[in-house]
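Structural characterization, general
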Amino acid sequence: MSHRRLTFRIGPRGRSIALVGAAAAVLWLKPMGLLLWARIKILTNIPRTAIADEPRAMVLPEPVSLLSLDPIALPRASSRNPFAESSMPSADEIGRA
């Protein structure tokens, strides 16, 4: 029995297509491999130390009564223009007085 080699005849167009396909595969696979390598590197290098705060009792703030808050004054006629200046004093002006 004689063994004959299996050969394919690929013309210049086929070689060009194969070369472009191989280059595209390399250009796509290399960044994907680098991303996978970076992800594995990050996940395997997690620090093994932890810093704990001193244990202390949680103190909840006193609840604020809604009756003790100052009422909010809204203008009677609202303006559709959001850039219009208001005639009401701002919080900065009230704080300075």
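Details of the structure are given in the entry above.
All of the points below concern the structure found in this document. Sequence positions are assigned chain by chain, starting from 1 and proceeding in written order. Local features in this predicted model are restricted to residues of pLDDT 70 or higher, and side-chain atom pairs are both shown and tallied only at a pLDDT of 80 or more, whereas totals for entire chains, interfaces and linings draw on every residue. Side-chain numbers come from the whole structure's heavy atoms, not from hydrogens or water.

Moving on to the overall build of the chain. Of the regular secondary structure elements, the chain holds two helices and zero strands. For the exposure calls, accessible area comes from a 1.4 Å probe over protein chains only, and a residue counts as buried if that area is under 20% of its type's maximum, exposed if over 50%, partly exposed in between. When the 97 residues of the chain are sorted by exposure, 0% land in the buried category. Residue-level accessible areas treat just the shown protein chains as cover; the underlying method is Shrake-Rupley with a 1.4 Å probe. A total of about 11,100 Å² of accessible surface is found on the chain, and carbon and sulfur atoms cover 63% of it. Secondary structure counts use DSSP, requiring at least four H or I residues in a row for a helix and at least two E residues in a row for a strand, with both numbered from the N terminus.

Right, let's get into a nonpolar patch on the surface. Nonpolar side chains collect at one region of the surface, where W28, L29, M32 and L35 lie side by side and expose about 450 Å² of accessible area between them. Turning to its location among the elements, W28 is positioned in helix α1 (residues 12-44). In this structure W28 comes out as exposed when scored by relative accessible area, which is 54%. Patch membership requires more than 30% relative accessible area and the absence of a salt bridge. Residues of like charge join within 9 Å; the nonpolar side chains Val, Leu, Ile, Met, Phe, Trp and Tyr join within 5 Å. By definition, a salt bridge exists where a carboxyl oxygen of Asp or Glu is found within 4 Å of a side-chain nitrogen of Lys or Arg.

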